[in-house]
Structure formats: C-alpha cells, structure tokens
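Residue-level structure breakdown
Here's the letter readout for the chains.
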Amino acid sequence: MKRVRGISDDTSKDNGKDRISALPNDVLCSIVDRLSIRDAIHTSTLSRRWKNIYAHKSTLEFDWRDIISNDANTYTRGNVAIRNVRNFQRSIEAILASYLGTKLESFKVQCCFGNEHPRYFKGWINFAIAKGVKNLELAFSCDELSERTDWRAIDYYNFPTQLLPSGEGSNLRHLSLRTCKLRLDNIFTDRFSTLTSLVLCDVKFVGRVEPSVFSSCSKLESLTLERCYGFESLHFDKLDCLKMLVVRRCEGLRLIRLISVINLTSFHCIGDHAELQLRLGRVPNLKDVHLMLKLINVRSFYAWLEKLINPHYHTLVVAKCG
C-alpha cells in the first residue's frame, strides 16, 4: 500500500533552515531598507549571509535625537556639547565609510548645531550627490518652531547651493531644507530646475528676491514654504506642473499671485501679515482650498472663491486667524 506523506513529515525536514537568509540579495536589501539604520546594522550579527547587507541600504536617515541619547535635543547658540557633535559626526561617517551601495534613493539628516560645524555637512551632501540621491532632506535644527521663543539665538546654516547637481543630468527630485540661509542667484536657478518637490521650512532668503523666484522650477509638482523670510511678493504664474502649494506663516509676505496654474489642485495658506493679498485666476482644477488670513471678510471671500475654483471642489475652508 502506497504511503501518504503527512504534513508533519514535510515540516520536520525544514527544522533549522533559515529560509529568509536564502532569499536573493535584492529582497534582503528591500527588507533592510524598511528598518532604521540602527536596526539595519544589528542584522549584520544574524549570520555571515547578513554581514554586509545593511551596507547596501538605499535609504539613509540620521536623526540627532536617535543617535545622541541625552536631553540635548534642542539647539541654542553655544549650548550643544562638542562631544555630542563629534559623536553624531562619527556615527554618520562610520556608516558612510562602510557603505557599499551604488545608488542612494534617500538621504536625510537632522541635527542641532546650525552653522557651527559646516564642514561636516558639505562632506555628507557630497556623498549623497555622488551616489545619485533622489530624495535629500536636511534639517539644521531639532526644536518645534511653534515653541521657539528666541529666534535670534538660531545660527542659520549657510546652505551651499553650489554642491547640488546641475542641469538635466541631476537625479535629485525632492529637496527639503530646514533652518538655513539660501542665496538666490544663477546657481539657485540652475540647481533647483529639476525638482518635482520642494519643502523650505524656516529658511532665510539672502539677496534680492524676485516675485517670480520659482519660475525656473518648471517641473515642480509640490511646493511648501513654511516660516520663510525675505520676500514680499510671490508669483506662481504658469507653473504648469504645480499641483500642490502650501504657504504658512511667511513673515513679510504681502502678496501671493496664482494666474494660469492650470494643474493646481490643492492650495493651503496661513498668512501672518495683516495685509496679505491673494490674486487668483484661471485655476480650473483647484479643488482643495484651506485659507486662514488676518484681515478677511470670511463670507464674501468664500463666495468669491466658490465662483473661481472648480465647481466640483472637495474642500473649501476660509477662516480668520488671530
């Protein structure tokens, strides 16, 4: 009589087998990409097969609060211990020195020492650019902006725009900068032209800021400006690819103009300046609008917007901010 093999017979042969380690390298790398850097490094102790998998991680994220395990998480001029800065720097550079990947999808750094140690940042930015990074996020402060009381104590990092890749050969698509100074010149125009997403938070613009400063960013699909300084007027005319625009609490901003932004679907704005004006025209796909302004007749402004935007809009919120 033919013997029928039971389930227990099949599973007994698999006891002790490491099926995960037998997966292809690209699958293992995909697993590691979903882990924090600290957890990814810990996988190197699992077995010989895992020893260098973490060094191919395509997303690198370094957060001061994770690496420096004490309460020095906020930045005040002169109050960040140099030993913490060095520990942070060594932790990052040890990872970069052992990196074996050929392509970098995402590179993120958040730290608390502003412009005091600029040489570190230049090396990290150069590393990311050399690896063809697509998503670059750099934050030079760790505090909550809403809770910041002494803005004069912040030493803004002078961001070296010239380090970014230029022209159509650039792989950079998303850029996020926090707590830095940004000089507007021909280098800015060239280096930002390939971006599809740009986030600027707590950024000071240096030099003369033309209202059409973002006109060269013709591929932008998403733009966020939060607590940025240095401009009085912003024109977003004929940015055909722009779909989402967020402008929040930009001190000194008096005018936002959106004319013939045909693919814009979402516009969020919180205006601190009492005289901030909005000029909108030919925005046929605008369906999601959130506005909070100081001097505004909510009822009449709402009625005006309702006639202007897409009749099938999803959200229209108009409110007066304090």
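Under the annotation held in an unreviewed UniProt entry, the chain carries the name Putative F-box protein and is attributed to Prunus yedoensis var. nudiflora.

On to the overall build of the chain, then. When its secondary structure is counted, the chain shows 8 helices and 14 strands. Taking all 322 residues of the chain together, 46% fall into the buried category. Of the contacts made within the chain by residues no fewer than 6 positions apart, 50% connect residues no fewer than 24 positions apart. For the chain, the exposed surface amounts to about 17000 Å²; the carbon and sulfur share of it is 48%.

So, on to unusual backbone geometry. Only a minority of non-glycine residues have a phi that is not negative, and only a minority of peptide bonds are not trans. In this structure, Arg 249 takes a positive phi of about 50° despite not being glycine. Along the chain, Arg 249 turns up in the loop between strand S9 (244-248) and strand S10 (255-259). Arg 249 gets classed as partly exposed once you look at its relative accessible area, which sits at 30%. Backbone geometry at Arg 282 places phi at a positive 55°, although glycine is not the residue there. Relative to the assigned elements, Arg 282 resides in the loop between strand S12 (277-281) and strand S13 (288-293). Looking at Arg 282, the relative accessible area reads 57%, which means it is exposed.

Judged by pairing direction, the sheet is parallel, and its 3 strands sit side by side in the order S8-S10-S12 without closing on themselves. The open sheet terminates on both sides in strands that have one partner only, identified here as strand S8 (233-235) and S12. The average angle at which neighbouring strand axes cross in this sheet is 5°, direction not considered.

What follows covers the confidence of the model for the chain. In the predicted model, the chain carries a mean pLDDT of 84, and the fraction of residues at 70 or more is 89%. Of the regions scoring below 50 in pLDDT, residues 1-12 engages in 3 contacts with residues more than four places distant in sequence or in other chains.

The rules behind each value
- Throughout this document, residue positions are counted from 1 along each chain, in the order its sequence is written.
- In keeping with the predicted nature of the model, local features appear solely for residues at pLDDT of at least 70, side-chain atom pairs appear and are counted solely at 80 or more, and the whole-chain, interface and lining totals rest on all residues.
- Side-chain descriptors were evaluated using all non-hydrogen atoms of the structure, hydrogens and water having been removed beforehand.
- Comment: elements are numbered from the N terminus, with helices defined as DSSP H or I runs of at least four residues and strands as E runs of at least two.
- Throughout this description, buried means an accessible area under 20% of the type-specific maximum (1.4 Å probe, protein chains only), exposed means over 50%, and partly exposed covers the range between.
- Contacts: residue pairs with any heavy atoms within 4.5 Å of one another.
- Where accessible areas are quoted, they stem from the Shrake-Rupley method and a 1.4 Å probe; at the residue level, only the protein chains shown are allowed to cover.
- In this scheme, strands are said to pair when DSSP sees at least two bridges between them.
- Note on definitions: angles span 0 to 180 degrees between N-to-C directions of axes, and those axes are lines fitted to C-alpha atoms, for helices only across the stretch in contact.
- The quantity known as pLDDT measures the predictor's confidence residue by residue, on a range of 0 to 100.

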